[in-house]
Amino acid sequence: MESHIKKKMLPLPSDSSSNPFDILNEEIVWKILDHLHNDSSATKSFSLTCKTFYFLESRHRNTLKPLRTQLLPRILHRYPSVSHLDLSLCPRVDDNTLNVISSAFKATLLSINLSRSRFFTNVGLSSLFVNCSDLLEVDLSNATELTDLAASAIAKAKNLERLRLARCKLITDMGIGCIAVGCRKLRSLCLKWCLGVGDLGVELIALKCKEINSLDLSYLPITEKCLKSVLQIQHLEDLVLEGCHGIDDNGLSTLEHSCKSLKMLNMSNCQNVTHTGLSSMTNGAEQLQQLILAYGSAVSPKPSKVTADLTKCLHTFSKLQSIKLDGCVVTWSGIKAMASLHASIKELSFSKCLGVTDEGLSFLVQSHKELRKLDITCCRKITYYSIDCITNSCTSLTSLKMESCSLVPKEAFTLIGARCSYLQELDATDTEIDDDGLKSVSRCLKLSILKLGICSNISDEGLSNVGSCCSVLKELDLYRSVAINDAGIAAIADGCPALEMINIAYNDKITDYSLISLSKCLKLKVLEIRGCPGVSSIGLSAIAVGCKQLTVLDIKKCFNINDNGMLPLAQFSQNLKQINLSYCSVTDVGLVALASINCLQNMTILHLAGLTPNGLAAALLACQGLTKVKLHASFRPLLPKSIIGYMEAHGCVFHWRDKACTFVHIDAKSRENSCFPTCIIAPQSILLLILFY
C-alpha cells in the first residue's frame with residue numbers, strides 16, 4: 001500500500017472513560033492500520049473499538065472507493081486526508097459532485113479515477129484541476145462525451161504525471177495540443193481509441209512533454225509522421241501502437257532516429273508492418289525487454305509469418321526477455337533464428353499460433369532454458385515429445401498455458417510436477433490430463449492458478465491430491481469437468497483456505513454438499529455454479545453465511561435456487577457486486593431482497609418465471625447502485641418509461657435480450673422444504689418490501 005501522507009495529528013478527542021488503548025501512540029496505531037488495509041471489515045471493527053481509534057482511522061485513511069456519490073458528503077467529512085479517490089463504482093458524477101470533491105480535498109488529492117463515471121463536463125473538471133493543484137494521476141477513460149473543452153480544463157493540471165483518455169472519441173488534436181502545452185510533467189499518457197487524434201496531436205505531445213515514459217497510441221489514425229518525434233522522446237520506455245493501420249513499412253523506412261530508452265514495444269494488429277518496418281522501428285533500441293507482435297495481420301486473409309528475417313532483427317537486443325507472437329504463423333526458419341538469440345528469454349507466447357510443432361518447440365526451449373512463462377494455447381500439433389523437452393529444459397517455469405493441446409497424452413502431465421516444482425500457474429483446459437497427472441502437478445507447492453475446464457479424465461481422486469498439497473491455490477476452474485463430484489470439492493475446500501475463485505459450472509454431480517464445503521473458504525470472491533441442477537437454496541445459504549467476501553455469483557440455470565437463497569444473500573453477502581439469476585426459481589420477493597445489497601452493480605435477470613413487472617420495478621428502484629442490468633426484451637414495454645429514465649439518469653445501462661427460454665425445471669422438493677413462500681406478490685405489497693429491506 002502506498003504510504004500515507006504524514007501530517008501533524010490533531011489533538012485526540014477527550015474521553016472521560018479509562019481506555020487502555022490510549023497508551024498506544026499514533027505511530028503504532030497507524031502501523032496496525034497499514035496491516036489491515038486489504039480487509040475492510042477488520043478496519044471497520046478497528047475504528048469502532050473506541051473513540052480514539054475511530055479518530056485515528058479517519059485521519060489515517062488516504063484511499064477511498066465509495067459505492068455511490070450519495071455517500072460522498074458523509075465520507076468527505078469523516079476522511080479529510082484522502083489522497084487517492086476511486087469513483088469507478090459511481091456511474092453518475094456530475095459537475096456539482098466534482099466541485100464538492102475539489103473543495104474537500106483541495107490540499108491532499110493526488111489521484112482520481114472517473115473511468116466508469118458520466119454526466120460531468122469541462123466545468124466540473126475545471127473546478128477539480130484548479131482547486132486540486134497537486135493532482136498527479138487522472139483516469140477519464142470511457143468519457144465518450146468529453147470534447148476539446150474538457151481537454152482545455154485538463155491542461156490546468158500543471159503537475160499531472162499520469163493521464164488516461166481511452167475512448168474519449170470526441171477529443172481532437174486541438175484538445176491534445178492544449179494538454180501538451182499545459183501538462184509538461186506528463187510521464188504516462190493513454191490515448192487508446194481516441195479516434196479524433198492524429199499525427200499533429202501526438203507530435204505536440206512528443207515535442208512538449210519531454211518526461212513521457214509510457215505512451216499508448218492504440219487504434220489512432222496516425223502514420224510515421226508523428227513517430228519521428230515520438231522516437232526522440234528521451235525517457236520513453238513503453239510504446240503501444242496496437243491496431244495503428246496507418247503505419248507501414250514504407251513510412252517506417254524513413255525514420256532517421258530510434259529510441260534508445262525503449263523497453264516495451266507493442267505492435268500487435270499492425271497489419272502493414274513486416275520485419276522490414278520492425279527493423280527500422282527498433283534499430284538502436286538497445287534496452288528493449290518486451291516485444292509484442294500478436295495478430296500482425298488480423299484483418300488480412302493470411303496471418304503474419306514469423307520467419308528468420310523477422311527474428312534476425314532481434315539479435316541486437318541483448319536485454320530482450322519477453323516475446324509475444326499470438327495468432328501468427330511460426331515457420332521453422334523463424335524458430336531457428338529465435339533459438340539463436342543471445343538474450344536470456346524469460347517469456348514466450350505462441351497462443352493460437354499455426355506452425356508450432358514438436359521439432360520447432362523442442363529446439364527452441366533447449367536454447368532458452370531460463371524460460372519462466374510459456375503459452376502454447378491451441379498449438380494442436382504438439383505431443384508428448386514437446387512436453388518432455390519443455391519440462392526437461394525449463395525447470396524454472398512458473399506459468400504454463402496449454403489449453404486445447406489435444407495431442408498431448410495424459411502421460412505427459414506427470415512430467416510437469418516431477419520437473420517443474422516452481423510452477424505457479426497451469427492451464428490444462430480441454431486436455432487429456434487425468435488423476436495421475438494431477439497427482440504429479442500437486443507436487444508444485446506454489447501452484448496458485450489451476451484451470452481444468454472440460455477435462456473429462458479427472459475425478460475426485462486427482463482433486464484430493466491437489467487439495468492435500470496445494471495450500472496456496474487461489475483460482476480453480478473445473479468448468480464442465482463432469483466426473484467431479486462433492487468429495488473432490490470438499491478436498492479442495494479443506495486444503496486450500498486461500499481459494500478466491502472457483503468455477504464448477506455445468507457439473508451435474510455437484511450438490512449442496514459442495515457449497516457447504518466451500519463455505520469454509522472465507523476468502524472466496526468468485527463462485528460460478530451455473531448449470532448445476534443439484535444445488536439449491538440450502539447450499540447457497542451456506543455460501544452466503546460463510547463467504548462474506550463474495551463479489552461475483554453466477555447461478556444461472558440452478559433451477560432449485562429460489563427466494564430462500566436470496567434472503568441469506570441479502571443479509572450476509574454485502575460485498576456482492578455481480579449476480580446472474582437467469583432461469584432460477586426466484587420471484588419478486590427474492591429480487592427485492594437482493595436490492596438491499598449496497599455493492600450490487602450488475603444483474604442478469606433472464607427468464608425468471610416468478611418475476612412480475614411490478615416486482616422488477618420495485619427491485620430496480622430499491623437497488624440504488626446498479627450500473628448494468630440485462631433483461632428480457634418482453635419486460636421493456638411493461639416497465640414504466642419513467643423508471644427506465646430514472647435508472648438511466650443515474651448511470652444504469654439496460655441490455656435488452658430477446659432470447660427464447662431454453663429449458664426450465666423447478667424441483668417440487670425445493671418448494672416443500674421452503675421456509676418462505678415462493679409466490680408472485682401483489683402490487684400493493686411492493687412498497688412494504690422496499691421499506692422492509
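Note that this is a predicted model, so its numbers are computed, not measured.

Thresholds applied
Residues numbered from 1 in each chain as written. Predicted model: local features only at pLDDT ≥ 70, side-chain atom pairs only at ≥ 80, totals over all residues. Heavy atoms only, no water. Salt bridge = Lys/Arg side-chain N within 4 Å of Asp/Glu carboxyl O. Helix = DSSP H or I, 4+ residues; strand = E, 2+ residues; numbered from the N terminus. Buried < 20%, exposed > 50% of the residue type's maximum accessible area, 1.4 Å probe, protein only. Phe/Tyr/Trp six-rings, centres within 6.5 Å; stacked < 30°, edge-to-face > 60°. Lys NZ or Arg CZ within 6 Å of the ring centre and 35° of its normal. Pairing = 2+ DSSP bridges. Right-handed = clockwise from strand over helix to strand, strands pointing away. Axes fitted to C-alpha atoms, helices over the stretch in contact; angles between N-to-C directions. Parallel < 35°, antiparallel > 145°, perpendicular 65-115°, else oblique. Contact = heavy atoms within 4.5 Å. Nonpolar A, V, L, I, M, F, W, Y, C, P; charged D, E, K, R; others polar. Patch = residues over 30% accessible without salt bridge, like charges linked within 9 Å, V, L, I, M, F, W, Y side chains within 5 Å. Areas by Shrake-Rupley, 256 points an atom, 1.4 Å probe, with all protein chains shown as cover. Lys, Arg positive; Asp, Glu negative; His and termini not counted. Charge placed at Lys NZ, Arg CZ, Asp CG, Glu CD. Core = buried A, V, L, I, M, F, W, Y, C linked by side-chain atoms within 4.5 Å. pLDDT = per-residue confidence, 0-100.

Draft legend 1. Up close: the pattern of salt bridges. The full count for this structure, using the stated rule, is 10 salt bridges. The residue Arg-419 makes a salt bridge to Asp-388 at a minimum N-O spacing of 2.6 Å. Pair noted here: Arg-419 is in helix H17 (residues 413-419) and Asp-388 is in helix H16 (residues 384-393), with a separation of 31 residues, a long-range link. You can call Arg-419 partly exposed: its relative accessible area is 28%. What emerges from the salt-bridge pattern is a single network uniting Glu-137, Glu-161 and Arg-162.

Draft legend 2. Spatial organisation of the packing of aromatic side chains. Within this structure, the stated rule accounts for four aromatic pairs. Taking 5.9 Å as the distance between ring centres and 90° as the angle between the ring planes, the aromatic pair formed by Tyr-479 and Tyr-506 counts as edge-to-face. With Tyr-479 in the loop between strand S19 (475-477) and helix H20 (486-495) and Tyr-506 in the loop between strand S20 (501-503) and helix H21 (512-518), this pair connects stretches of sequence that are 27 residues apart. Since its relative accessible area comes to 26%, Tyr-479 is described here as partly exposed. Summarising the aromatic geometry, the rings of Phe-654 and Trp-656 are spaced 5.5 Å apart at their centres and angled 10° between planes, so their arrangement reads as stacked. On the basis of relative accessible area, Phe-654 is assigned to the buried category, the value being 10%. Using a relative accessible area of 17% as the deciding quantity, one classes Trp-656 as buried. Over the face of the ring belonging to Phe-119 we find Arg-92, whose NZ or CZ atom lies 4.4 Å from the ring centre.

Draft legend 3. Representation of the environment of Gln-232. Along the polypeptide, Gln-232 turns up in the loop between helix H10 (224-230) and strand S8 (238-240). According to the relative accessible area criterion, Gln-232 is exposed, its value standing at 51%. On a C-alpha basis, the gap between Gln-232 and Ser-258 in space is 7.1 Å, while along the polypeptide they are 26 residues apart.

Draft legend 4. Structural view of the pairing of strand S26 (residues 653-657). Because side chains alternate across S26, one face comprises the buried residues Phe-654 and Trp-656, and the other comprises Val-653, His-655 and Arg-657, none of which is buried. One ladder, built from five bridges, connects strand S25 (residues 628-632) with S26; its direction is parallel. Residue pairing in the sheet places Leu-631 in a bridge with Trp-656 of S26. The β-α-β motif built from S25, the intervening helix H26 (residues 641-649) and the parallel element S26 has right-handed crossover chirality.

Draft legend 5. Structural detail: the packing of helix H5 (residues 95-104) against helix H6 (residues 122-131). Contact geometry of H5 with H6 gives a least axis separation of 8 Å together with a crossing angle of 5°. By the angle class used here, H5 and H6 are roughly parallel. Listed contacts from H6 to Asp-95, Leu-98, Asn-99, Ile-101 and Ser-102 of H5 are Val-123, Gly-124, Leu-125, Ser-127, Leu-128 and Asn-131. Partitioning the contact of H5 with H6 into residue classes produces five nonpolar, five polar and one charged.

Draft legend 6. How the structure looks around unusual backbone geometry. The backbone of Tyr-219 sits at a positive phi, close to 60°, despite the residue not being glycine. Structurally, the position occupied by Tyr-219 is in the loop between strand S7 (214-216) and H10. Assessed through its relative accessible area of 19%, Tyr-219 is described here as buried. Even without glycine at this site, His-607 takes up a positive phi of about 60°. Topologically, His-607 is positioned in the loop between strand S24 (602-605) and helix H25 (613-622). We classify His-607 as buried; its relative accessible area is 17%.

Draft legend 7. Expanded view of a positive patch on the surface. Together, Lys-158, Arg-184, Lys-208 and Lys-210 make up a region of like positive charge exposed at the surface. Looking at the secondary structure, you find Lys-158 in the loop between helix H7 (148-154) and strand S5 (162-164).

Draft legend 8. Molecular detail of the side chain of Thr-604. Take Thr-604: it is sitting in strand S24. Excluding anything up to four places from it in sequence, Thr-604 contacts Ile-579, Asn-580, Leu-581, Ser-582 and Lys-630.

Draft legend 9. Main features of the pairing of S25. The sheet contact formed by S24 and S25 spans four bridges and is parallel. Counterpart to Asn-602 in the pairing with S25 is Lys-628. Between the parallel elements S24 and S25, the chain passes through H25 in a crossover that is right-handed.

Draft legend 10. A look at the nonpolar core. Formed by 196 residues in total, the largest nonpolar core has its most connected members in Leu-165, Leu-239, Leu-241, Phe-350, Leu-452 and Leu-518. Each residue touching Leu-518, except ones within four places of it in the same chain, is listed here: Ile-489, Ala-493, Leu-499, Ile-502, Ile-504, Leu-527, Ile-543 and Cys-547. Val-29, Leu-33, Cys-50 and Phe-53 belong to the second largest nonpolar core, which has seven residues in total.

Draft legend 11. Representation of the environment of Thr-276. As for its placement among the helices and strands, Thr-276 is situated in helix H12 (residues 275-282). Judged by relative accessible area, which is 41%, Thr-276 ranks as partly exposed. Once the C-alpha coordinates of Thr-276 and Asp-248 are considered, the two residues, 28 residues apart in sequence, prove to be 9.5 Å apart.

Draft legend 12. Looking closely at H6. Three or more residues of H6 are buried, namely Gly-124, Leu-125, Ser-126, Ser-127, Leu-128 and Phe-129. Packing partners of the buried residues in H6 comprise H5, strand S3 (111-113), strand S4 (137-139) and H7.

Draft legend 13. The arrangement of the packing of helix H2 (residues 40-47) against helix H3 (residues 51-60) in detail. Close contact between H2 and H3 brings their axes to 7 Å; oriented N to C, the two are set at 135°. Classified by the angle between their axes, H2 and H3 sit oblique to one another. Touching Thr-43, Phe-46 and Ser-47 of H2 are Phe-53, Tyr-54 and Glu-57, all from H3. Along the lines of polarity and charge, the residues of the contact of H2 with H3 split into three nonpolar, two polar and one charged.

Draft legend 14. Layout of the confidence of the model for the chain. Confidence in the prediction of the chain, expressed as mean pLDDT, is 88, and 89% of residues score 70 or more. With pLDDT under 50 throughout, residues 1-10 is counted as low confidence; its partners more than four residues away or in other chains account for 22 contacts. Within the model, pLDDT remains below 50 along residues 663-693, and this stretch shows 42 contacts once partners closer than five positions in the same chain are excluded.

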